[in-house]
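# Coordinates in review
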Amino acid sequence: MIKSDHSHYGKPLIMLYPGEHIVSSEDIVVSTVAGSCLVVTLNDNKRNIGGIAHFILPGQIGTGGITHDDVASYGITQLEYLFGEFVKKGGRREDLTADVFGAAALDVNKKINEAIQRSNINFIHSFFSAEHIPVRTLDLAGSVRRKIVYFPKTGKTYRKMLNHNEDNSEIIRLEHEYIKKAFKELREQTQYIIFNEK
């Protein structure tokens, strides 16, 4: 992530990259661009603490659901990092609400990408339902990237659909690299587990 002390919002600005998360009670702005990835914001408005994570589920969840699934566990781990930061800053899990964006089908191989898209969307529904965390905004799917501007202290989130991506080419490139890395890591982890079980 990159921090700038000056922005046109009149507050310090943090550019959040794919695979990163942040929790803060400071009067700052966090911005990111969601393509195929998920962007989740969590808000504890009683204590003015907010957090945001940018990640992807690198594959399709099996028919057994998210509890015992390697792909789902990757996403659960990303969100548990976020929950952990909330606890450190005095937030309470039972007071959280969520907003979720992204999961666009952008790949050239659209059939495969739509399957990953459905898997990410199903994960979000299953996870927040199991955790009993209310989801205020669910803005998912489609085939267009979204720019997210988030204010952790107030919990306010603004979304803009991006039909032209030139201004965000760097973060788009980083998302491509992050997705490739996430798929590779999960594949290697799964192979390692299978090897050790023999």
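Placed above this text is the structure.
Everything in this summary refers to the structure shown in the same document. Note that this is a predicted model, so its numbers are computed, not measured.

## Details of the sheet that holds strand β9 (residues 145-151)
Reading across the sheet, the five strands line up as β1-β2-β4-β9-β10 and stay open at both edges, with mixed pairing between neighbours. What marks the edges here is a single partner per strand, and that holds for β1 (2-4) and β10 (156-162). Each adjacent strand pair in this sheet contributes to an overall mean axis angle of 20°, direction not counted. The pairing of strand β2 (residues 13-15) with strand β4 (residues 29-34) spans three bridges and is classified as parallel. What sits directly across from L13, in β4, is V29.

## A word on helix α1 (residues 70-88)
Quick reminder: α-helices carry 3.6 residues per turn. Residues three or four places apart thus point the same way. Counted at 1.5 Å a residue, the expected span for α1 with its 19 residues is 27 Å, and the 27 Å between its end C-alpha atoms agrees. For α1, the side-chain oxygen to backbone nitrogen distance between the N-cap and V71 is 2.9 Å, and the N-cap itself is D69. A positive phi of about 95° marks G90, the residue just after α1.

## Notes on the side chain of E175
Mapped onto the elements, E175 comes out in helix α3 (residues 169-197). No salt bridge forms around the buried E175; measuring N to O, its nearest opposite-charge neighbour R145 is 4.4 Å away. In this structure the side chain of E175 is engaged in a polar contact, spanning 3.0 Å, whose partner is the backbone nitrogen of G35. Polar side-chain contacts of E175 include one of 3.4 Å to the backbone nitrogen of C37. Excluding its chain neighbours within four sequence positions, the residues that come into contact with E175 are P18, V33, A34, G35, S36, C37, H54 and R145.

## Considerations on the pattern of salt bridges
Per the stated rule, a full pass over the model turns up twelve salt bridges. The residue D95 makes a salt bridge to K46 at a minimum N-O spacing of 3.4 Å. Separated by 49 residues along the polypeptide, D95 in the loop between α1 and β7 (97-102) and K46 in the loop between β5 (38-44) and β6 (49-55) bring together distant segments of the chain. Residue K46 is classed as exposed on the basis of its relative accessible area of 67%. For E80, the salt bridge goes to R93, with nearest N and O atoms at 3.0 Å. With E80 in helix α1 and R93 in the loop between α1 and β7, this pair connects stretches of sequence that are 13 residues apart. It is possible to trace a salt-bridge network through shared partners that takes in D44, K46, R47 and D95.

Scoring rules and cut-offs
- Residues numbered from 1 in each chain as written.
- Predicted model: local features only at pLDDT ≥ 70, side-chain atom pairs only at ≥ 80, totals over all residues.
- Heavy atoms only, no water.
- Pairing = 2+ DSSP bridges.
- Helix = DSSP H or I, 4+ residues; strand = E, 2+ residues; numbered from the N terminus.
- Axes fitted to C-alpha atoms, helices over the stretch in contact; angles between N-to-C directions.
- Expected span 1.5 Å × (residues − 1).
- Polar contact = N/O pair within 3.5 Å; in protein donor to acceptor, adjacent residues only side chain to side chain.
- Buried < 20%, exposed > 50% of the residue type's maximum accessible area, 1.4 Å probe, protein only.
- Lys, Arg positive; Asp, Glu negative; His and termini not counted.
- Salt bridge = Lys/Arg side-chain N within 4 Å of Asp/Glu carboxyl O.
- Contact = heavy atoms within 4.5 Å.

Geometric values such as these leave the question of function open.
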